[in-house]
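Analysis of the macromolecular model
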Amino acid sequence: MKKPLPVKIVEALGWTYVALSVVWIIVLIVAQVFGIDQEGEVWPLVLCGSFPLLLSLGMVLLLRRGRSGWFLVPNTVVFSLFLLGAIVSLTSLEGAVIAGVIALLLVAPIVLLWCPSASRWFNTMSGDDSPGPVGCALGMLLVFLGSIGGCFVSDYQTHNYTRLARLHAMSFRARELSKMMAENEGAGKSGAEWIDPAVCTNSTQFVRALMEKAGLDIGYADFWCVAVNPPDDDRFPILVTANVDPRELLNPPGTDARLNLICPKKAWGGACGDFCEKGAVVVFRNGVSQTLKRKWARPRLMFRSVDSSRDDIPVPRPDTYYLTPIGRVDFVERQAAVSL
């Protein structure tokens, strides 16, 4: 018996579900690899994101074998939940349009697959087009597992986006702090009252003194490495988040080697920024700030992005050092070792 048009329409709709599921998986992978850069954590997302693909593919294949219930039960339950959510959050004309589309996707397959020509075709193909208790139970189980998987993906993505937002918020704080440092340095050169970093034993003491002087609170006072006596080089990093070792940044074992981002809480019991092992923030001498995701945290890439005409790494002066939250970091011994 030739497949009737209503069944062909529903089958085409099912293949559309399959295509959209594939697109969703691709978007998840691209967002992770080129966006948030959670290396090693892409596959759990793909595993959860593959559920809609497997469900929609199973619905189509079973429909082709004459089992309409295996298509209608998941389709009805899923779009009923979507429609309920759309109605609850209905606040605009766009929301009404979305709810209308969802309602159409909910009702149309039921009408099409229950029409006389479709019913005769299903009876011919399977002899029974009702899902039966086992079919209903399995359909509900698949939808339940899909909901759990969707909640996992949503929670996972929300956590990642929150972490990325904190990294960018730290970049904003770094720019504010670098402005305070520049104003403080200008005050020192003009003979006005200033905070001499040379008298500070660590970066936390220096940053808090700057904040108190400015009457501001930029947050995370104990999460910075501050350059003291930096060279007059626009590309020199004057401010770095404390999850980066300044010595590794300026004297790396390899210029294309990825920086070792270590959470201060794990390294020495310091504060955790909740992004410590995923990214860092650097502010250069010219005031440019850079947010580095772990994959691109490589010295050559960092400094090249500030000045593409140069391919070297800035060299600190003999008296340059960094104040970190746990003390002072010098370069003299490290430079001597590198030159040997």
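The structure under discussion appears in the preceding block.
My aim in this report is to walk through the structure given alongside it, one point at a time. Keep in mind it's a predicted model, so treat the numbers as computed, not measured. (Residues numbered from 1 in each chain as written. Predicted model: local features only at pLDDT ≥ 70, side-chain atom pairs only at ≥ 80, totals over all residues. Heavy atoms only, no water.)

Some details on a nonpolar patch on the surface
A grouping of V22, I26 and V30 is seen on the molecular surface, where their side chains present a nonpolar patch of about 230 Å² in accessible area. For V30, the position within the fold is in helix 1 (residues 5-36). V30 gets classed as partly exposed once you look at its relative accessible area, which sits at 43%. (Patch = residues over 30% accessible without salt bridge, like charges linked within 9 Å, V, L, I, M, F, W, Y side chains within 5 Å. Areas by Shrake-Rupley, 256 points an atom, 1.4 Å probe, with all protein chains shown as cover. Salt bridge = Lys/Arg side-chain N within 4 Å of Asp/Glu carboxyl O. Helix = DSSP H or I, 4+ residues; strand = E, 2+ residues; numbered from the N terminus. Buried < 20%, exposed > 50% of the residue type's maximum accessible area, 1.4 Å probe, protein only.)

Some points on unusual backbone geometry
Peptide bonds are trans in most cases, and residues, glycine excluded, mostly fall at negative phi. With a phi angle near 60°, N229 is a residue other than glycine that sits in the positive phi range. Structurally, N229 can be placed in the loop between strand 1 (224-228) and strand 2 (237-241). Of the residues examined, N229 reaches a relative accessible area of 32% and is grouped as partly exposed.

Thoughts on the environment of F284
Along the chain, the position of F284 falls in strand 3 (residues 279-284). Residue class for F284 comes out buried when judged on its relative accessible area of 0%.

Thoughts on the pattern of salt bridges
Inspection of the entire model under this criterion finds eight salt bridges. The shortest N-O distance in the salt bridge between K3 and E11 comes to 2.6 Å. Under the relative-accessibility criterion, K3 is labelled partly exposed at 21%. Given a relative accessible area of 9%, E11 falls into the buried group.

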